[in-house]
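# Chain and residue survey
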Amino acid sequence: ARVIEATYEVPVLAHASMEPLDCIAQVTAEGCQIWNGVQQQSVDLINISKFLGIPEAKVRINMLFAGGSFGRRGNQYSDYQLEAVAIARAHGQGVPVKLVWTREDDMRAGYYRPAYVHVFRAGLDRGGSIMAWQHRIVGQSIMGEGIFSKGMVKDGIDATSTEGAANLPYMMSNLRIELHTAPPEVPVLYWRSVGSSHNAYVTECFFDEVLRAAGKDVVEMRRILLDEKSRLTAVMNMAVQKAGWDTPAPAGHARGLAVHESFG
């Protein structure tokens, strides 16, 4: 009886972690040692071994705590580590070399969360219930050419582009999620909650738009469409209770609700 439509755009984003990208590297006749905080040290070990042409057993990674990473230090290219190793090798004296990227380096030469465009259509019946939900996602793949692509990309669909959208917790009878993967434009990487960092935002905003257009209570309708026995429903009910949802908000304030699960 009625169709609700909306388009959302989310921009390219840098990780901007508080601690700069940094690494100490030492290259000697015996092998290579590095000191830094990372998220995928096994990948770094492989990359350093290949870069120097030495056995993996001759690469030692001394793990340190990292002051925030959000995916940036889980870099499949080991970019700043290899830069430090290259400088240490060129120095040629076996002296440890410390490399620290400036914030300008980080912003200009980093790997980013892709920009996405989300186009939604929802069909309502005469009673305002959701009969159909269509979500079209357009953006770059962060897995398309990486070392994890074989496990994450199936039939051309990058699961990280659709996570948080293809697995909506709401029980709707007609659900269609489309992905159009754009050609590479900027170097991209995992960013914080990966696909959910944009899909959680847009799906819950549009869900609220649809419910408000249908004149439905945003809490009660979520209770109807969620599995009443799920942990998600229990968390929502507790949040609503603790927030005093049914009482008027203080002057100049408003309340909003979003329900989303990422990585369990």
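The coordinates are above.
These numbers were taken from a predicted model, which means no experiment stands behind them.

For the rest of this paragraph, the subject is the layout of surface pockets. Looking at the second largest pocket, its volume works out to about 150 Å³. Every residue lining the second largest pocket is listed: E163, G164, N167, L168, P169, S196, L232, H260, E261, S262 and F263. Here the residues of the lining of the second largest pocket sort into four nonpolar, five polar and two charged.

In this section: the pattern of salt bridges. Counted under the stated rule, the structure contains twelve salt bridges. Across the salt bridge formed by E19 and R73, the nearest N and O atoms sit 3.0 Å from each other. Taken together, the positions of E19 in the loop between β1 (2-10) and β2 (22-28) and R73 in the loop between β4 (59-63) and α2 (79-91) put the pair 54 residues apart, joining distant regions of the chain. Take E19: its relative accessible area is 23%, and that puts it in the partly exposed class. Judged by its relative accessible area of 0%, R73 is buried. As a salt-bridge pair, R222 and D208 come within 2.9 Å of each other at their nearest N and O atoms. Note that R222 is positioned in helix α7 (residues 218-225) and D208 in helix α6 (residues 196-213), a separation of 14 residues in sequence. Here R222 matches D208 in class, with each residue buried. In this structure, a network of salt bridges that share partners links the residues E204, D208, R212 and R222.

Calculation criteria
- Residues numbered from 1 in each chain as written.
- Predicted model: local features only at pLDDT ≥ 70, side-chain atom pairs only at ≥ 80, totals over all residues.
- Heavy atoms only, no water.
- 1 Å grid on protein atoms, 1.4 Å probe; cavity = no way out; pocket = protein on both sides within 12 Å on 5 of 7 lines; lining within 4 Å.
- Points joined across faces, edges and corners; volume = space filled by probe spheres on them.
- Nonpolar A, V, L, I, M, F, W, Y, C, P; charged D, E, K, R; others polar.
- Salt bridge = Lys/Arg side-chain N within 4 Å of Asp/Glu carboxyl O.
- Helix = DSSP H or I, 4+ residues; strand = E, 2+ residues; numbered from the N terminus.
- Buried < 20%, exposed > 50% of the residue type's maximum accessible area, 1.4 Å probe, protein only.

Such coordinate-based values are descriptive only and should not be taken to indicate function.
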